[in-house]
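# Chain and residue survey
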Amino acid sequence: MDQSASGFLKEAIRLAVENVESGNGGPFGAVVVKDGKIIARGMNQVTHTNDPTAHAEIIAIREACAVLNSFQLTGCEIYSSCEPCPMCLGAIYWARPDKLYYAGSKEDAASMHFDDQFIYEEMALPVEQRKLFTRQMMREEAGEAFQKWSKSPLKKEY
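This one's a predicted model, so the numbers in the text were calculated from it and none came from an experiment. (Residues numbered from 1 in each chain as written. Predicted model: local features only at pLDDT ≥ 70, side-chain atom pairs only at ≥ 80, totals over all residues. Heavy atoms only, no water.)

### So, the packing of aromatic side chains
Following the criterion strictly, the structure yields three aromatic pairs and no others. Ring centres of tyrosine 79 and tyrosine 101 lie 4.7 Å apart, and the angle between their planes is 5°; this geometry places the pair in the stacked category. Here tyrosine 79 is found in strand β3 (residues 76–82), whereas its partner tyrosine 101 is found in strand β4 (residues 99–104), with 22 residues between them in sequence. Every member of this aromatic cluster is reached through a ring pair, and the members are Phe8, Tyr79 and Tyr101. Above the ring of tyrosine 120, the side-chain terminus of lysine 106 is found at 4.4 Å from the ring centroid. (Phe/Tyr/Trp six-rings, centres within 6.5 Å; stacked < 30°, edge-to-face > 60°. Helix = DSSP H or I, 4+ residues; strand = E, 2+ residues; numbered from the N terminus. Lys NZ or Arg CZ within 6 Å of the ring centre and 35° of its normal.)

### Details of the sheet that holds strand β2 (residues 37–43)
Across the sheet, four strands lie side by side as β2-β1-β3-β4; this open sheet has mixed pairing. Each edge of the sheet is formed by a strand with only one pairing partner; in this case those strands are β2 and β4. Recorded for the sheet is a direction-independent mean angle of 15° between the axes of neighbouring strands. Relative to β3, strand β1 (residues 29–34) runs antiparallel, the two being bridged by five bridges. (Pairing = 2+ DSSP bridges. Axes fitted to C-alpha atoms, helices over the stretch in contact; angles between N-to-C directions.)

If you want it as structure tokens, here you go:
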């Protein structure tokens, strides 16, 4: 069924509302569209699955990649009920869809006590100023994997 961008966003919002009503997770839904058709849907399942990465966009991206048998979503569009959090936005960039549409804003999420803004702010800080203790160690030893990757005939570029 072909739909407009607003129709796809309505479906993402419907999934978010359904998710809240079912008690399965937070108020977030997402769909992935290719050639005018929804190929994947996702709803936030963080509390339902005890998986902090089970955000609606991540679930939808995983499902779409399985459907397409690809690790990239070239030629696809992602529709999300809310502006993606930093993790989801990173995953969306890695998946390489052509377009991203969203309804609610990160400010809307913050008003409901989702801590996206805190993460955005932390990411902008130098590592030594972040609230999460972080220390780089063994950089030279880790370089071996990169050296092997650069020479590997088995690698798939992405």
